[in-house]
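Given next are the chains, with one letter for each unit.
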Amino acid sequence: MSASYLRIEGLTKRFGASAAVQDVNLDVRQGEMVVLLGPSGCGKTTTLRLIAGFVEATAGRILLEGQDYADLPPYRREMGMVFQSYALFPHMTVAQNVTFGLRMRRLPKPEIEQRLAATLEMVELSSMAERYPRQLSGGQQQRVALARALAIRPKVLLLDEPLSNLDANLRQQVAREIRQLQRAAGLTALMVTHDQDEAMMMADRLVVMDKGAVQQVGTQEELYERPANPFVARFIGHSNLVAGELSGGTRLSLPDGTVIGLAGHYAATGPVTLAIRPERARLCAPGDAAARVTVVVEDATYVGAHVEYLLALPDGTRLILHDPTDGGGTRRHAPGDRAGLTWDPASERLFDAAGVPLTARAAIPA
Ligand SMILES: Nc1ncnc2c1ncn2[C@@H]1O[C@H](COP(=O)(O)OP(=O)(O)OP(=O)(O)O)[C@@H](O)[C@H]1O
Ligand SMILES: [Mg+2]
């Protein structure tokens, strides 16, 4: 496995004054599945289209195996793309759809036939070669789109929300199928989604984007345990974010005068943002020595694996807390209760005004 198979350097795309993609840098290894994740409009599709060559970059380079792709037209880039709306040709059969790219490339007929058979088998659609898209279910159409991209034996497979038109159950199934197929074939793939669960399930590594820019690149664990900024902390797995002023190393003062006793001791002072995950905090008695702040329980909902509490800080800021159920389904606190909120030093994340994580010098256990 070479270090970098597909390399993206300073990739930028401006439409008029606004940048849809802003200085994106990324290295993808051969055989790796990298998932681009981010809110609607953050530049995911544009990034894929730049790589595929359907859109011309304003700046930056795309290198595949060290070769600069800037001047190569899409059909010479050896990249297979599955579009956000799967865009099958409605007037062509499954077989004609799948072989489209091969016929465009003027491959010999026996080669086309052989690849068609192999690809349809891969996506388990061999019996449907003569059907038209309208005669297929959404999941089957999705697999035809995938087969069409695979048939050209792409060096890189680009998947733009390939599961977006499927219902929840089918999504999971097709997601697993795509992942198995990608692994078995050793395909290098870049997939876009805005569904966090899907991204977590399918990726070797993830790229979190916001407003055209990469916020963090990393494994699931890296993004979850060591988010690079508050955006990633909130976007991946949800975090409660509380903004305030840090003083005395351990005091977080909110604008209304509420003071939160932090779990770490920090060298910095000034404006910071605290991030706490719902499952990494717990409730205690309001006067308990462990309490870092006092909250009011606004709602408690039993959802099976845990009780989800909606809590309010004195200034009205809402926090979410997940308290694991032990089988009894007990709601230990009722709406209207006052409670102490606490967490361990290892569960506390603090970011400075620029969004950069701060490291605690010492832990102050609860
Ligand atoms: N051809 C275009 N001309 C002008 N602006 C464009 C064009 N294509 C995309 N944009 C803008 O660029 C930004 C990024 O769009 P893009 O389609 O890449 O987002 P996305 O992350 O794929 O979003 P979604 O999750 O909704 O598909 C958006 O603000 C969009 O309006
Ligand atoms: Mg898109």
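Everything quoted here is computed from the prediction, not taken from an experiment.

**Remarks on the overall build of the chain**
So, step 1. Of regular secondary structure, the chain possesses eight helices and 23 strands.
So, step 2. With the C-alpha coordinates aligned to their principal axes, the bounding extent of the chain is approximately 80 × 45 × 40 Å.
So, step 3. A total of 366 residues make up the chain; the buried ones form 38% of that total.
So, step 4. Partitioning the contacts of the chain with sequence separation of at least 6, the portion at a separation of at least 24 is 66%.

**Quick look at the site of ligand 1**
So, step 1. What surrounds ligand 1 is the set Phe15, Ala20, Gly38, Ser40, Gly41, Cys42, Gly43, Lys44, Thr45, Thr46, Gln84 and His194.
So, step 2. Ranked by residue count, the leading element in the shell around ligand 1 is helix H1 (residues 44-52), at three residues.
So, step 3. Among the residues making up the shell around ligand 1, the classes are represented as three nonpolar, eight polar and one charged.

**Side note on the packing of helix H3 (residues 109-122) against helix H4 (residues 138-151)**
So, step 1. Relative orientation of the contacting elements H3 and H4 amounts to 135 degrees, with a least axis distance of 9 Å. The angle between H3 and H4 falls in the class oblique. The way H3 lies across H4 gives a crossing that is right-handed. Contact residues: Arg115, Leu116, Thr119, Leu120 and Met122 in H3; Ala147, Leu150 and Ala151 in H4.

**Focus on unusual backbone geometry**
Glycine aside, residues mostly have negative phi angles, and peptide bonds mostly take the trans form.
So, step 1. Positive phi is not limited to glycine here, since Glu78 has a value of about 55 degrees.
So, step 2. Assignment of secondary structure puts Glu78 in the loop between strand S5 (67-68) and strand S6 (79-82).
So, step 3. Judged by the 14 C-beta atoms lying within 10 Å of it, Glu78 is partly exposed.
So, step 4. In this structure, His238 is a non-glycine residue whose phi angle is positive, near 65 degrees.
So, step 5. Among the structural elements, His238 can be located in the loop between helix H8 (230-235) and strand S11 (240-247).

**Re the environment of Thr342**
So, step 1. In this structure, Thr342 sits in strand S20 (residues 338-343).
So, step 2. Residues Thr342 and Gly316, 26 residues apart in the sequence, show an inter-C-alpha distance of 18 Å.

**A short note on the sheet that holds strand S18 (residues 306-312)**
So, step 1. Strand order in this open sheet of five strands is S16-S20-S17-S18-S19, and the pairing throughout is antiparallel. Each of the sheet's edge strands pairs with one partner strand only, and the pair in question is strand S16 (281-284) and strand S19 (318-324). Taking each pair of neighbouring strands and ignoring which way they run, the sheet shows an average axis angle of 45 degrees.

**Examining the sheet that holds strand S2 (residues 18-28)**
So, step 1. With antiparallel pairing, the four strands of this open sheet are ordered in space as S2-S1-S4-S5. Every other strand in the sheet has two partners, leaving S2 and S5 as the edge strands with one partner each.
So, step 2. Judged from the two bridges that link them, strand S4 (residues 59-64) and S5 form a sheet pairing that is antiparallel. Note that in S5 the partner of Leu63 across the bridge is Asp68.
So, step 3. Relative to the sheet, H1 contacts strand S1 (6-15), S2 and S4, its axis offset from that of S2 by approximately 65 degrees.

**Comments concerning the nonpolar core**
So, step 1. With 92 residues, the main nonpolar core has Val35, Ala147, Leu158, Leu190, Val207 and Val208 as its most contacted residues.
So, step 2. Composition of this core by domain shows at least three residues from each of domain 1 (6-225) and domain 2 (238-363).
So, step 3. With residues near it in sequence (within four places) discarded, Val208 still touches Leu37, Gly38, Gln215, Gln216, Leu223, Val232, Phe235 and Ile236.

Cut-offs and rules
- Residues numbered from 1 in each chain as written.
- Chains lettered and ligands numbered in written order.
- Predicted model: local features only at pLDDT ≥ 70, side-chain atom pairs only at ≥ 80, totals over all residues.
- Helix = DSSP H or I, 4+ residues; strand = E, 2+ residues; numbered from the N terminus.
- Buried ≥ 20, exposed ≤ 12 C-beta atoms within 10 Å, placed from the backbone.
- Contact = placed C-beta atoms within 7 Å.
- Near = placed C-beta within 6 Å.
- Nonpolar A, V, L, I, M, F, W, Y, C, P; charged D, E, K, R; others polar.
- Axes fitted to C-alpha atoms, helices over the stretch in contact; angles between N-to-C directions.
- Parallel < 35°, antiparallel > 145°, perpendicular 65-115°, else oblique.
- Left-handed = near helix turned anticlockwise from the far one by under 90°.
- Pairing = 2+ DSSP bridges.
- Core = buried A, V, L, I, M, F, W, Y, C linked by C-beta atoms within 7 Å.
- Domains from an automatic or database assignment.

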